[in-house]
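Report on the structure
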Amino acid sequence: MYDLIIIGGGPAGYRAAELAAGAGLKTLLFEKRALGGVCLNEGCIPSKALLYSAKLYDYAKGGAAAYGVTCQNPILDYAAAVKRKDKVVQTLTAGIEASLKKAGVEIAREHAVVGRDAPGTPSAGIAGRDGNGAPGSSRPTGFTVNGRQARNLLLCTGSEPIIPPFCRGELRSPARVMTSRDILALTEVPETLDILGGGVIGLEMASLFNSAGSKVTVYEMTDKIAGPLDREISAMLQKVYEKKGVTFRLNTRLEAITGPTLVSAGRKPVTAGLEALGLYTENGAIVTDEQMKTNIPNVYAAGDVNGQSMLAHTAYREAEVAVNTIVHAAGANSVRPQTDRMDYSAIPSVIYTNPEAAAIGETLETAQAKGFSSARETKLPMLYSGRFLAENERGEGLCKLVWHDNRLIGAHLLGTPASEVISTLSAILYNEMDIERIQKIIFPHPTVAEIVKEAVFHA
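Below, the structure is looked at part by part. Because the structure is a prediction, the values reported are computed rather than measured. (Residues numbered from 1 in each chain as written. Predicted model: local features only at pLDDT ≥ 70, side-chain atom pairs only at ≥ 80, totals over all residues. Heavy atoms only, no water.)

1. Looking at unusual backbone geometry
Leave glycine aside and you will find that most residues have negative phi; peptide bonds, for their part, are mostly trans. The line we're drawing: Only DSSP runs of H or I with at least four residues qualify as helices, and only runs of E with at least two residues qualify as strands; both kinds are numbered from the N terminus onward.
Note that the residue after Asn354, namely Pro355, is joined by a cis bond; omega there is 15°. Tracing the sequence through the fold places Pro355 in the loop between β19 (349-351) and β20 (357-361). With omega at 5°, the peptide bond leading from Thr416 into Pro417 counts as cis. Within the fold, Pro417 resides in the loop between β23 (407-414) and α12 (418-430). Phi angles above zero are rare outside glycine, and Asn406 is one such case at about 65°. Within the fold, Asn406 resides in the loop between β22 (398-404) and β23.

2. Here we look at helix α8 (residues 231-243)
The condition is simple: For a helix, the expected span equals 1.5 Å multiplied by the number of residues minus one. Burial classification: accessible surface area is computed with a 1.4 Å probe over protein chains only, and a residue below 20% of its type maximum counts as buried, one above 50% as exposed, and the rest as partly exposed. The reported arc concerns the directions from the helix axis to the C-beta atoms and nothing else. Here a residue-residue contact requires only that any non-hydrogen atoms of the pair lie within 4.5 Å. A 3.5 Å cut-off defines polar contacts: any pair of N or O atoms within that distance qualifies, except that in protein one atom must be a possible hydrogen donor and the other a possible acceptor, and neighbouring residues in sequence count only when both atoms are side-chain atoms.
The end-to-end C-alpha distance of α8 is 19 Å, a good match for the 18 Å that 13 residues give at a rise of 1.5 Å each. Among the residues making up α8, those that are buried are Ile233, Ser234, Leu237, Gln238, Val240 and Tyr241. All buried residues of α8 project into a common sector of 155° when viewed along the axis, lining one side. Opposite the packed face of α8, turned more than 90 degrees from it, sit the exposed residues Lys239 and Lys243. Structurally, α8 contributes buried residues whose contacts are with α7 (200-212), β13 (247-249), β20, β22 and β23. Taking the backbone nitrogen of Glu232 as reference, a side-chain oxygen 3.0 Å away marks Asp230 as the first, capping residue of α8.

3. Topic: the pattern of salt bridges
Note the cut-off: Whenever a carboxyl oxygen of Asp or Glu lies within 4 Å of a side-chain nitrogen of Lys or Arg, that contact is scored as a salt bridge.
Evaluation of the coordinates by the stated rule reveals 24 salt bridges. Two residues, Glu232 and Lys400, come together in a salt bridge whose shortest N-O distance is 2.6 Å. Of the two residues, Glu232 is situated in helix α8 and Lys400 in strand β22; the sequence distance between them amounts to 168 residues. Where Lys370 meets Glu362, a salt bridge forms, and the shortest distance between an N and an O atom there is 2.6 Å. When its relative accessible area of 54% is taken as the criterion, Lys370 is described as exposed. The structure contains a network of salt bridges with shared partners spanning Asp230, Glu232, Glu377, Lys379 and Lys400.

4. Quick look at the environment of Lys85
Along the polypeptide, Lys85 turns up in helix α4 (residues 78-103). Given a relative accessible area of 6%, Lys85 falls into the buried group. Spatially, the C-alpha atom of Lys85 lies 8.2 Å from that of Ile45, the residues being 40 residues apart in sequence. Look past the residues within four positions of Lys85 in its chain and what remains in contact with it is Pro46, Ala49, Leu50, Leu184 and Ala185.

5. With respect to α12
Taking 1.5 Å as the rise per residue, α12 with 13 residues should run 18 Å; its terminal C-alpha atoms sit 18 Å apart, in good agreement. For α12, the set of buried residues is Ala418, Ser419, Val421, Ile422, Leu425, Ser426, Ile428 and Leu429. Where the residues of α12 are buried, they touch β19, β20, β22, β23, α13 (435-439) and α14 (450-457).

6. Remarks on empty space enclosed by the protein
As a reminder, the rule being used: Every definition here rests on a 1 Å grid over the protein atoms only: cavities are sets of points where a 1.4 Å probe fits but cannot get out, pockets are open sets enclosed by protein on both sides within 12 Å along at least five of seven lines, and lining residues have some atom within 4 Å of a point. Grid points are joined across faces, edges and corners, and a volume is the space filled by probe spheres set on the points.
Under the defined criterion, the tally for this structure stands at one cavity of 30 Å³ or more. Estimated volume of the largest cavity: approximately 40 Å³. In this structure, the largest cavity is lined by Pro161, Ser180, Ile201, Val263, Ser264, Gly266 and Arg267.

7. Considerations on the layout of surface pockets
Threshold: Each residue is assigned to one of three groups, with Ala, Val, Leu, Ile, Met, Phe, Trp, Tyr, Cys and Pro labelled nonpolar, Asp, Glu, Lys and Arg labelled charged, and all others, Gly among them, labelled polar.
Of the voids in this model, the second largest pocket is the one considered here, and its volume is about 320 Å³. Considering the residues around the second largest pocket, the lining is formed by 18 residues, among which Tyr59, Gly63, Asn354, Arg394 and Glu396 are closest to the centre. Taken together, the elements giving at least two residues each to the lining of the second largest pocket come down to α3 (44-63), α7 and α11 (386-391). Counting residues per element, the lining of the second largest pocket draws most heavily on α3, at three residues. Here the lining of the second largest pocket is composed, by residue class, of five nonpolar, seven polar and six charged.

8. Considerations on the nonpolar core
Test applied: Nonpolar cores were defined as sets of buried Ala, Val, Leu, Ile, Met, Phe, Trp, Tyr and Cys residues, with membership established by side-chain atoms within 4.5 Å.
Formed by 33 residues in total, the largest nonpolar core has its most connected members in Ile183, Ile195, Met205, Leu208 and Phe209. Put simply, the parts of the chain that give this core at least two residues each are α3, α4, α6 (180-185), β11 (192-196), α7, β12 (215-219), α8 and β20. Take this core: its biggest share by element is five residues, from α7. Those residues within four positions of Phe209 in sequence are excluded, and the remaining contacts are Tyr78, Ile183, Leu186, Val189, Pro190, Leu193, Ser214 and Val216. Membership of the second largest hydrophobic core comes to 31 residues, among which are Leu19, Val105, Cys156 and Ala319.

And the structure:
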């Protein structure tokens with residue numbers, strides 16, 4: 001009998017497995033494909049490796065000339081860049097497996113099928129996101145996964161791309177319709193590339209293949225790119241890429257495939273094989289409470305499968321909350337907190353284009369829609385940071401902070417390295433710091449993060 005069986009070896013699954021085993025729980029992790037999940041194998045890491053190659057190529061083509069550096073006849077060997085990307089992924093997946101084995105985690109390379117042991121007394125369901133109670137369920141004495149028994153289950157089955165109906169017939173032709181997995185496996189750059197969806201994946205792939213030489217067109221159903229990103233910063237990012245040659249078709253629904261097309265129209269939770277549990281779902285996602293509990297006792301869910309925030313760093317934290325809750329309930333000898341709860345109020349997001357964009361919390365638009373009548377914003381060009389000016393000749397950048405009662409409730413950035421600066425803003429927002437406290441933070445000089453202090457003093 002295992003203390004915990006985890007299904008899915010992505011960010012939530014492998015993080016949870018290592019923590020649980022380290023806390024003394026007998027832990028088994030099921031992963032039918034490669035450890036690391038979508039993020040490591042066909043998303044976050046491989047795309048960043050290729051985007052870095054593209055950025056270097058942009059500099060070599062002429063982007064570095066303003067800094068006094070010129071290159072003659074630079075060439076992007078895309079196949080070599082992909083080979084390097086594969087090496088990075090293999091190194092990291094091997095590292096994860098080694099860490100799990102060192103912690104004492106058992107790994108099963110199988111497709112997991114879940115069953116329930118004999119039911120006992122009825123139990124109340126948790127509240128759904130719409131405020132209605134979930135249907136009552138029977139309290140199981142344990143769970144069986146491929147013949148192995150467990151006292152607790154943690155579901156980390158992740159997500160998969162949403163494929164519009166008109167594209168499904170083309171999926172057997174990778175040269176025509178591709179998901180993020182397919183496009184990152186290409187070893188040649190297509191002459192043209194249509195991208196269905198102007199969100200994070202679509203924009204990052206538009207950046208990559210525009211730099212690599214494709215004629216890129218992005219089709220977006222809404223009136224702006226980059227989803228929840230601040231509208232002004234979204235427009236700035238669009239203009240940057242229009243200057244680079246990317247075409248944007250906003251308020252447009254692509255209805256036919258005419259050439260190589262990346263489908264990046266969103267993702268949906270994967271729940272196949274979990275039907276026997278009788279889980280309460282909403283819009284296809286497993287509903288969880290703030291301790292990652294489902295409506296079935298001793299069954300938890302973390303990562304994309306609960307639909308809360310489909311980001312790897314969110315999954316890490318959800319895994320921590322789930323394991324801390326399980327350890328506490330099991331009475332294991334551990335220094336883990338007795339109570340732990342998930343907080344979604346300060347989760348940063350990043351778009352790794354060139355320049356980067358990053359965001360956390362509210363925009364002025366969303367704050368006002370939520371009734372924050374005193375909400376206001378401070379915005380400052382990134383050029384107010386000496387380090388940014390020294391390293392960004394074109395000066396494309398903006399820092400925008402959103403306030404309510406002198407407390408930071410949102411931040412939106414355009415400019416490299418926004419991905420690094422947003423961590424500082426995340427800590428500020430999470431700790432509910434007001435303007436006076438933020439002004440007392442000492443930032444190292446010169447750093448791009450100093451833009452935060454400059455913007456606060458202009459608040």
